[in-house]
Amino acid sequence: MAASVIRTLSGFGPSRAAQTCFIPADEDELEDEYEEELRDEVEDSFEEEEDDSTGVESRVTDPLASDLYTEMTDRLLRFAELISSDVQRYFGRSQDSDTCDTYAGRSRPEVTGRQRYYSDIIRAASSEQGDEPENLGPLAELFQNTQVKKQGLPMIQRRLPSSFWTEPRPDHLCVSADTRDMSLRALQPKACEMKPACALIFALLLLCTRAEPEAAEENPVAEDKNDTETEKKETTDEITEEKHVLVLHEKNFARALSENKYLLVDFYAPWCRHCQALEPVYAEAAAQLKNESSPVRLAKVDATEEKELAKEFEINNFPTLKLFVEGRRQNATEFTGKRSVKGIIQWLQRRTGPSAALLKDDEAAQKLLDAHNVVVVGFFKDLEGEKARMFNDVALDIVNVNFGITSSPELFKKYKVEKESVVLFKKFDDRRADMPLSEEDKLDKDELISFIQSNSLELVIEFSEENGEKIFSNKVHNHLLLFINTTTESHTALLDDYRAVARDFKEKILFIMIDITTDVSHVLNYFGLSASEAPALRFINTDTLKKFAMAEAAINKDTLKTFCQDVLDGKVKPHLKSEDIPEDWDKNPVKVLVGKNFEQVAFDETKNVFVEFYAPWCGHCKELAPEWEKLGEKYKDHENIIIAKMDSTANDVEEVTVQGYPTLKYFPAGSERKVIDYNGNRDLETFVKFLDNGGVLPEEEDDDDDEDEDEDQESKDEVSTESIEESEKPSNGSSGKDEL
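Thresholds applied
- Residues numbered from 1 in each chain as written.
- Predicted model: local features only at pLDDT ≥ 70, side-chain atom pairs only at ≥ 80, totals over all residues.
- Heavy atoms only, no water.
- UniProt positions renumbered as here; feature names shortened; annotations may be inferred.
- Buried < 20%, exposed > 50% of the residue type's maximum accessible area, 1.4 Å probe, protein only.
- Helix = DSSP H or I, 4+ residues; strand = E, 2+ residues; numbered from the N terminus.
- Pairing = 2+ DSSP bridges.
- Phe/Tyr/Trp six-rings, centres within 6.5 Å; stacked < 30°, edge-to-face > 60°.
- 1 Å grid on protein atoms, 1.4 Å probe; cavity = no way out; pocket = protein on both sides within 12 Å on 5 of 7 lines; lining within 4 Å.
- Points joined across faces, edges and corners; volume = space filled by probe spheres on them.
- Domains from an automatic or database assignment.
- Contact = heavy atoms within 4.5 Å.
- Axes fitted to C-alpha atoms, helices over the stretch in contact; angles between N-to-C directions.

In the nomenclature of an unreviewed UniProt entry, the protein is known as Protein disulfide-isomerase of Pangasianodon hypophthalmus. According to the UniProt record, the Subcellular location (unreviewed entry) comment for the protein is "Endoplasmic reticulum lumen".

S.K.: Looking at this model, I keep getting lost on the pairing of strand E22 (residues 663-667). Mind explaining?
M.R.: If a strand is regular, its side chains alternate between the two faces of the sheet. By the criterion of burial, E22 is predominantly enclosed, with five of the five residues buried. Burial along E22 is two-sided: Thr-663, Lys-665 and Phe-667 facing one way and Leu-664 and Tyr-666 facing the other are all buried. The pairing of strand E20 (residues 608-614) with E22 spans five bridges and is classified as antiparallel. The residue of E22 that forms the bridge with Val-609 is Phe-667. Here E22 runs beside strand E23 (residues 676-677); their pairing, made up of two bridges, is antiparallel. Counterpart to Lys-665 in the pairing with E23 is Asp-677.

S.K.: Honestly, the packing of aromatic side chains in this entry has me stumped. Any pointers?
M.R.: Enumeration according to the criterion identifies 30 aromatic pairs in this entry. Between Phe-598 and Phe-667, the ring centres sit 5.5 Å apart and the planes meet at 80°, which makes this aromatic pair edge-to-face. Placement of the pair is Phe-598 in helix H22 (residues 595-602) and Phe-667 in strand E22, with a sequence separation of 69 residues. Comparing Phe-598 with Phe-667 shows no difference in burial state: the two are buried. Within the aromatic cluster, the residues linked to one another by ring pairs are Phe-610, Trp-628, Tyr-666, Tyr-678, Phe-687 and Phe-690.

S.K.: How should the sheet that holds strand E9 (residues 357-358) be read in this particular structure?
M.R.: Each strand in a sheet pairs with its neighbour through backbone hydrogen bonds, running either in the same direction (parallel) or in the opposite one (antiparallel). Read from one edge of the open sheet, five strands run E9-E11-E10-E12-E13, paired in mixed fashion. A single partner strand is all that each edge strand has here, and the edge strands are E9 and strand E13 (432-436). With two bridges connecting them, E9 and strand E11 (residues 402-406) associate as parallel partners. Bridging across to E11, Leu-358 finds its partner in Ile-405.

S.K.: Looking at this structure, how should I read empty space enclosed by the protein?
M.R.: Taken as a whole, this structure holds five cavities of 30 Å³ or more when the rule is applied. Considered as a void within the structure, the largest cavity measures approximately 170 Å³ in volume. As for the largest cavity, its lining consists of 15 residues, of which Ser-454, Glu-458, Leu-459, Lys-506 and Leu-510 are closest to the centre. When residues of the lining of the largest cavity are assigned to domains, at least three fall in each of domain 2 (354-456) and domain 3 (460-569).

S.K.: Sorry, what's going on with the sheet that holds E22 here?
M.R.: The mixed open sheet is built from five strands, whose spatial order is E19-E21-E20-E22-E23. Here the strands that pair on one side only, and so sit at the sheet edges, are strand E19 (590-593) and E23. Where E19 meets strand E21 (residues 641-647), four bridges bridge the pair, whose relative direction is parallel. Paired with Lys-591 across the bridge in E21 is Ala-644. On top of the sheet, helix H23 (residues 619-634) reaches E19, E20, E21 and E22; it is set at about 160° to E20, its chief contact.

As structure tokens, then:
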């Protein structure tokens, strides 16, 4: 990207006979060959700029000087490639998925209602008030003083139009092919306009080239030492450790595999915030395993540096963890557990030991059942058969449940198992659940997982962060929540009836208990409740996010049954929460909508209404706010266009489904009650085009379809072999749903 900026600027100098995209063959070679000479030339260029205007004019018209500037442009191009990753990260926008996608331009998956509900609740339960900016590269230091002094908008909050990232074509340059004049006077009026952002990048490159030699002169010994250490790392297979984690690269990777029977490797990117969050957890797990003399060791690879390793093991996301067994490079197992110390260790124990304990007699079975609250036992006639193998595969994946397996006739008889079955033993509710297996049919993996998930939960589940995954991964998408104060006897007395009704609606409704004496204010707020209203009930479908409230004040077996059945039958209208309408809701350019005035404003037949649905804690919403205010200011006096916003965490609207924050929707004038999703770039220019075009983004003209057809085909052919060098930057897409 930075290279494309300088390539555009090269139009200010003598044109070349042919212009081609610069593709670096080897970063180390480029750095060694060009960087020192580049610094000297840029220093000379700054000294020359201090001369008088006459001197400048004479230099510009001198062919030798022109050649020097042309050569300097080429070297700036090469230097730009070295820091382009920093530039992309600094001006790019981070993703909010569980991993950082290394490939820009990939469409993001659709987000279901249950995921949004889960994300909202768990985010607040974890006291997560919004995304912190990820650590940036060296270029960020250039702006530290500006950000501290609050001089203008911090660079991390700025958004650039999509055209900024577009590779310029040679015929878009501003200077004709035969000019030798480097001065600005050579430019034809309105021939081009250098974008401020492009000029800024050019200035950054010059600053970097000036700053680096000074730092090198201050401490040449340290630089030589670092160079020596780097060379040593790259030329030996010595394995070093950082906080009990092995540090691997291309030279020592094979040795690490040969010396460790089980090796879990974290392929990470230093700029990835998910990788940064995992680092201390990973180190703690590594220390615990090492102290226990475990055969498993933990290692890490910087995938942005070790591109060959990243390519070999198909690293497309950060962080990616892979388990290598007995030195085999092929068929490494990708980590699928929780990214916590306990989750990592549990997953490794299940993968490196037997997935299910072999139960040979009654004593072994009883010992296993006594030790755990939930145990899943497979009763099979043939432990090497297909059903037993499928059972063991499921046991590998569900690491938070303990498994046993047996073919003992003695155990079949004791536990009254007449034919092959999977039996879930538990120390609560019904104590046991059976899944008989027919002799003809195969054991279906999804059915087995669903059976285990459904029956390993209590009939009434206490809401907590620990139980969150069990609740929201369950196949039952209807949830009934009972808010009570567990220190009040009259409240706890309700649990008997609540549990009895839960048995009647098993596998239809999930019954959840929420203790308001714990830190659950976020859940109360989500449902528009206060602690003083307990005991209270709320019903929610996690696909549609529709909420329902029971009209009856009395909570007992009869009212609970009636309420649950009526909701399932569609007889109860959704409960919509709303803030009060602010007195000054329409006084500012951006109108404030709440549940109570949304219908009146958004579906006004005489107005075109553009609405932002936001969350106060959402980092991307905060980033959008200045642009949205500018948009409101531009259309504040327009006769039929209204710019508005609504806090979706405090207000519900039946007609609108919010897929993520921020969500932008356009409500055109008329009686059709249309709702148009906005999926374009979130900048003022694009917003204006969208509104002025009647709620439709105009298609960009492409005069070069014929020329680019072959290039497009080549690009498609090269996708499968795309190098990690080109894909190591975080995605910069601005469309889609950014935060939940």
